[in-house]
Amino acid sequence: MEHIPCLIIGAGPSGYTAAIYAARAELKPVMYTGPQPGGQLMITNDVENFPGYPDGVMGPQMMEDLRKQAERFGTSVRYGTVSEVDFSKRPFVVTIDGSDKIQADTVIISTGASAKWLGLPSEQHLNGKGVSACAVCDGFFFRGQEVAIVGAGDTACEEAHYLSKMCKKVTMLVRRDEFRASKIMQQRVLNTPNIEVLFNTETLEVLGSEGVTGVRVKNSATGAVTDIPVTGFFVAIGHQPNTAFLKGWLDMDDQGYIKTVPGTTQTSVPGVFAAGDVQDQIYRQAVTAAGTGCMAALEAERFLAAVESEHAIDAL
Ligand code: NDP
């Protein structure tokens, strides 16, 4: 069985940054990309908030650049999805696509989180053409325009407030007759003059063919169906961390996000590190993911050095 010093699972900004650092530290990292190489940025158009790109960059281009940079220093980028792990002892054993196995002294998990969607065909069709799951990433493209956002949690409130600063009007579509968000976030939304909150409102369809022109909603109390003209439609109904294959091996919170020691990327298993959105449900930005990817690689390097010196002492 192949035995490597450092395995990276997942190919988003955190995974590639971990790969760049690990490769430059001569850990000869192997990366398995997972089912969506490039992660969430592959479904984003322009990225204008990643430092160092004054003219912005297309999400897929940025991921291609990161892959090349990781490979330039010797990362072996492989297409395949980790289906199982055995973290009971080191070296860890990881199964790829249900068959191939690889042994690794350290593992960096950077499998990210996936935005939840309503599941409407029109939402899928217009994804990236006015439909977005990230206001911070895409809100700027709708400045001066009218947009709608669906969701009632802290994220939806935060994003509605963010959008209200640049958009003419934000209509918030809340499916029940109350918010889920904390009181302070609710107040912030309710006190913002250009945010209108529609309670008991279900989204039936996003309207438009090559771009969003509106949203069709139904009032669940009255049954009335209305079309609201908007050019942007934001979905903020939560995220799902991609950790199903790790259940039972690592400490996670009740939503499946991996718990790390604060200020580090260390998980509950020494030698296993977590970076990016898989351990962060607050910031969820490419740049914060990249930052934790760097931390994970540095911590993996230190971990391997410590294990090596322990072995050297044992051998005396
Ligand atoms: P949440 O799971 O808290 O909220 C999801 C919201 O989406 C709920 O209001 C839910 O409605 C709604 N929803 C789910 N499915 C649908 C659907 N099909 N149609 C319409 N609405 C739907 O997710 P968040 O991303 O808001 O927050 C995740 C966690 O992160 C929370 O613990 C939150 O507190 C935290 N967070 C904290 C922040 C902060 O402190 N600044 C910022 C952002 C997040 P319903 O209420 O009816 O179930």
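Strand order in this open sheet of three strands is β14-β15-β16, and the pairing throughout is antiparallel. Strands at the two margins of the open sheet, each flanked by one partner only, are β14 (201-207) and β16 (225-228). Averaged over neighbouring strand pairs, the angle between their axes works out to 25° when direction is ignored. Pairing of strand β15 (residues 214-219) with β16 involves four bridges; the strand directions are antiparallel. If you follow valine 217 over to β16, its bridge partner there is threonine 226.

The next subject is the site of the ligand. Not every one of the 14 residues close to the ligand is listed here, only the nearest: Asp154, Thr155, Arg176, Arg180 and Gln281. Interatomic distance of 2.7 Å between a side-chain N/O atom of arginine 176 and an oxygen atom of the ligand. The dominant element in the shell around the ligand, judged by the number of residues it contributes, is helix α5 (residues 154-164), at three residues. Among the residues making up the shell around the ligand, the classes are represented as five nonpolar, four polar and five charged.

Our focus in this paragraph is the packing of helix α1 (residues 13-24) against helix α2 (residues 59-72). Two elements in contact, α1 and α2, have axes separated by 8 Å at closest approach and are oriented at 20°. Taken together, the axes of α1 and α2 are roughly parallel relative to one another. Viewed along their axes, α1 and α2 form a crossing whose handedness is left-handed. Here Pro13, Tyr16, Ala19, Ile20 and Ala23 of α1 come into contact with α2, specifically with Met63, Leu66, Arg67, Gln69 and Ala70. Residue composition of the contact of α1 with α2, grouped by class: eight nonpolar, one polar and one charged.

Relative to the elements of secondary structure, serine 132 occurs in strand β10 (residues 131-132). A distance of 2.9 Å separates a polar side-chain atom of serine 132 from the backbone nitrogen of cysteine 134. Aside from chain neighbours lying at most four places away, what touches serine 132 is Trp117, Asp138, Phe233, Phe234 and Val235.

Here we come to the domain arrangement of the chain. For the chain, the assigned domains read domain 1 (2-114 + 239-315) and domain 2 (117-235). Measuring from the centre of the C-alpha atoms in domain 1 to the corresponding centre in domain 2 gives 33 Å. Counting from both sides, the interface comprises eight residues of domain 1 and, opposite them, nine residues of domain 2. Both faces combined, the contact of domain 1 with domain 2 buries some 700 Å², and carbon together with sulfur accounts for 43% of it. Linking domain 1 to domain 2 there are zero salt bridges.

According to the stated counting rule, one finds ten salt bridges in the structure shown. Note that lysine 129 and glutamate 210 form a salt bridge whose closest N and O atoms lie 3.9 Å from each other. Placement of the pair is lysine 129 in the loop between α3 (121-125) and β10 and glutamate 210 in the loop between β14 and β15, with a sequence separation of 81 residues.

This part is about the pairing of strand β11 (residues 146-150). For β11, the tally of buried residues reaches four of five residues, placing the bulk of the element in the interior. Where β11 lies against strand β12 (residues 169-173), five bridges are found, and the strand directions are parallel. Residue isoleucine 149 lies in a different strand from β12, and its bridge partner there is methionine 172. Taken together, β11, α5 and β12 form a β-α-β motif whose crossover is right-handed. Sheet topology note: the β11/strand β17 (residues 232-235) ladder contains four bridges and is parallel. Counterpart to valine 147 in the pairing with β17 is glycine 232.

Here we take up the state of the cysteines. A covalent bond bridging the sulfur atoms of two cysteines is what the word disulfide describes. Per the counting criterion, the structure on display carries one disulfide. Note on cysteine connectivity: cysteine 134 is disulfide-linked to cysteine 137, with sulfurs 2.0 Å apart. An S-S torsion of about 75° defines the bridge between cysteine 134 and cysteine 137 as right-handed. Between cysteine 157, a cysteine without a disulfide, and cysteine 167, which holds the nearest cysteine sulfur, the sulfur-to-sulfur distance is 16 Å. We note that cysteine 167 lacks a disulfide partner, and the nearest cysteine sulfur, in cysteine 134, lies 13 Å from it. By relative accessible area, which is 5% here, cysteine 167 ends up buried.

Moving on to the environment of alanine 22. Checked against the element boundaries, alanine 22 lands in helix α1. Its relative accessible area of 0% is what places alanine 22 among the buried residues. It is 9.7 Å that separates the C-alpha atoms of alanine 22 and proline 5, two residues lying 17 residues apart in sequence. Those residues in contact with alanine 22 that lie beyond four places of it in its chain are Cys6, Leu27, Lys28, Pro29 and Ala297.

Reading the values: the criteria
- Residues numbered from 1 in each chain as written.
- Predicted model: local features only at pLDDT ≥ 70, side-chain atom pairs only at ≥ 80, totals over all residues.
- Heavy atoms only, no water.
- Pairing = 2+ DSSP bridges.
- Helix = DSSP H or I, 4+ residues; strand = E, 2+ residues; numbered from the N terminus.
- Axes fitted to C-alpha atoms, helices over the stretch in contact; angles between N-to-C directions.
- Near = heavy atom within 4 Å.
- Polar contact = N/O pair within 3.5 Å; in protein donor to acceptor, adjacent residues only side chain to side chain.
- Nonpolar A, V, L, I, M, F, W, Y, C, P; charged D, E, K, R; others polar.
- Parallel < 35°, antiparallel > 145°, perpendicular 65-115°, else oblique.
- Left-handed = near helix turned anticlockwise from the far one by under 90°.
- Contact = heavy atoms within 4.5 Å.
- Domains from an automatic or database assignment.
- Buried area = accessible area lost by both parts, 1.4 Å probe.
- Salt bridge = Lys/Arg side-chain N within 4 Å of Asp/Glu carboxyl O.
- Buried < 20%, exposed > 50% of the residue type's maximum accessible area, 1.4 Å probe, protein only.
- Right-handed = clockwise from strand over helix to strand, strands pointing away.
- Disulfide = S-S within 2.5 Å.

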